[in-house]
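Fold and contact review
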Amino acid sequence: MSALRPWRRAALAPVAAALAFALAGPASAAPAPTACASAPVAGTYTVTVTSGGLQRTALVHVPAALPAGAPAPLLLALHGAYGNGPGMQTYSGFSALADADDFIVAYPSAAGHFWNISGSAKGPDDVAFIRALISTLESTMCIDTTRVFAAGVSNGAGMVALLGCALSSQIDGIAVVAGDYDQLPSCRLKRPVPLLEIHGTADRVAPYRGKLGQATVDGVPPFVAAWARRDGCAALPGIRSIASRTVLFRWQRCAHAAMVEHIRIIAGRHQWPGATPPDPGPRATISASHTIWSFFSSLGPQTLPPASGAGGTGGAPA
């Protein structure tokens, strides 16, 4: 088994909950990002953050050609079980995309083999760690605070789904690949959070239709449909083929410029499409990293509505 993807050894745990997102009146405009005196120092280096009494680390990549004084988007990229930040950098290829498209990418590492996606008090408070990491990067680098995104794979996807709920006022969009969403705590958003979910129908680690016998909502379709309701989207998605064996579900007319998309890969396994080196299974028909960044790039500024949403569960694409 490749050392870059040991997360295939274990399934994860994420989300149960969703209810319609409550809207009450127009949202206030997002503040314009403040210009910086200079661009952050280019390069790839380790940032250390103290959180919960632990020294936590993240590998941070800053492109050499960031425009001076212009705040850059921030992407947090979370590895899967038994992985780490440096491995996720190689595996995802996000740093090369950051160089091309002028954004900063951070690859945090879990405290142990897994992210604490259940929020259990017996494990590290990974939400607090990511919150502290975002704060540290925003205070030391030229970050556009209206364009902070998170993406993750497998166990890291579950953690990103949790962050989308717990840090909904700070994170402006999330993308999750090959995650298990059946055991996450209930979700209460402060504002709609755009979501992209990518999943193979033949995934045996995080099954597309869920695990038989579980008492919670099973599988990917209910998770995505529930998120669409939280974001106040139209009830039914548009559906179209975007590549061989690859179908896009897109919910539109969401609240406050949000968007929800799901990419179903027919016969796809527990994979990050386009990974380096490729995961076992059918050849990828898309690049997850390029698709994720294209999704984030398409988003308008997210805004805080005057009322908060609540958690719940619900339906699914067929």
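You'll find the structure just up there.
Computed from a prediction, not measured in an experiment: that's the story for all the values here. (Residues numbered from 1 in each chain as written. Predicted model: local features only at pLDDT ≥ 70, side-chain atom pairs only at ≥ 80, totals over all residues. Heavy atoms only, no water.)

Here we take up the nonpolar core. With 54 residues, the main nonpolar core has Leu76, Ile104 and Trp227 as its most contacted residues. Ranked by residues supplied to this core, first place goes to helix H4 (residues 155-166) with 7 residues. The residues touching isoleucine 104, leaving out its near neighbours within four places in the chain, are Pro40, Val60, His61, Val62, Pro63, Leu66, Ala72, Pro73, Leu74, Leu75, Met141 and Ile143. In this structure, Tyr91, Phe149, Ile286 and Phe296 belong to the second largest nonpolar core, which totals 31 residues. (Core = buried A, V, L, I, M, F, W, Y, C linked by side-chain atoms within 4.5 Å. Buried < 20%, exposed > 50% of the residue type's maximum accessible area, 1.4 Å probe, protein only. Helix = DSSP H or I, 4+ residues; strand = E, 2+ residues; numbered from the N terminus. Contact = heavy atoms within 4.5 Å.)

Moving on to the pairing of strand S4 (residues 104-108). Within S4, 5 of the 5 residues are buried, which leaves it mostly tucked inside the rest of the structure. Both faces of S4 are covered, namely the face carrying Ile104, Ala106 and Pro108 and the face carrying Val105 and Tyr107. The pairing of strand S2 (residues 54-62) with S4 spans 4 bridges and is classified as antiparallel. Across the sheet, residue histidine 61 finds its bridge partner in S4, namely valine 105. Direction of pairing for strand S3 (residues 72-78) relative to S4: parallel, over a ladder of 3 bridges. By the bridge assignment, leucine 74 is partnered in S4 with isoleucine 104. (Pairing = 2+ DSSP bridges.)

Structurally, the position occupied by serine 51 is in strand S1 (residues 43-51). A relative accessible area of 9% means that serine 51 is categorised as buried. Each residue touching serine 51, except ones within four places of it in the same chain, is listed here: Arg56, Asp125, Ala128 and Phe129.

This part takes up the pattern of salt bridges. Taken as a whole, this structure holds 3 salt bridges when the rule is applied. Notably, a salt bridge pairs aspartate 172 with arginine 191, separated by 2.9 Å at the nearest N-O pair. Within this pair, whereas aspartate 172 is found in the loop between H4 and strand S6 (173-177), its partner arginine 191 is found in the loop between S6 and strand S7 (195-200), the two being separated by 19 residues in sequence. For aspartate 172, a relative accessible area of 3% gives the class buried. (Salt bridge = Lys/Arg side-chain N within 4 Å of Asp/Glu carboxyl O.)

Of all 8 residues in helix H1 (residues 85-92), 6 are buried, a share of seventy percent or more. If you check the start of H1, you find a side-chain oxygen 2.7 Å away from the backbone N of glycine 87, and it comes from asparagine 84. Positive phi shows up at glycine 93, right after H1, with a value of about 75 degrees. (Polar contact = N/O pair within 3.5 Å; in protein donor to acceptor, adjacent residues only side chain to side chain.)

The next point concerns the state of the cysteines. Enumeration over the complete set of coordinates arrives at 3 disulfides. A sulfur-sulfur separation of 2.0 Å characterises the disulfide bridge that pairs cysteine 165 with cysteine 187. Sign of the S-S torsion, about -105 degrees for the bond between cysteine 165 and cysteine 187, identifies this disulfide as left-handed. Of this pair, cysteine 165 sits in helix H4 while cysteine 187 sits in the loop between S6 and S7, and the two are 22 residues apart along the sequence. With a relative accessible area of 1%, cysteine 187 lands in the buried category. Two residues, cysteine 233 and cysteine 254, share a disulfide whose sulfurs are 2.0 Å apart. The S-S bond linking cysteine 233 to cysteine 254 shows a torsion near 105 degrees; that makes this disulfide right-handed. Of this pair, cysteine 233 sits in the loop between helix H5 (220-230) and strand S8 (238-243) while cysteine 254 is found in the loop between strand S9 (246-251) and strand S10 (260-265), placing the two residues 21 residues apart along the sequence. Both residues of the pair, cysteine 233 and cysteine 254, count as buried. (Disulfide = S-S within 2.5 Å.)

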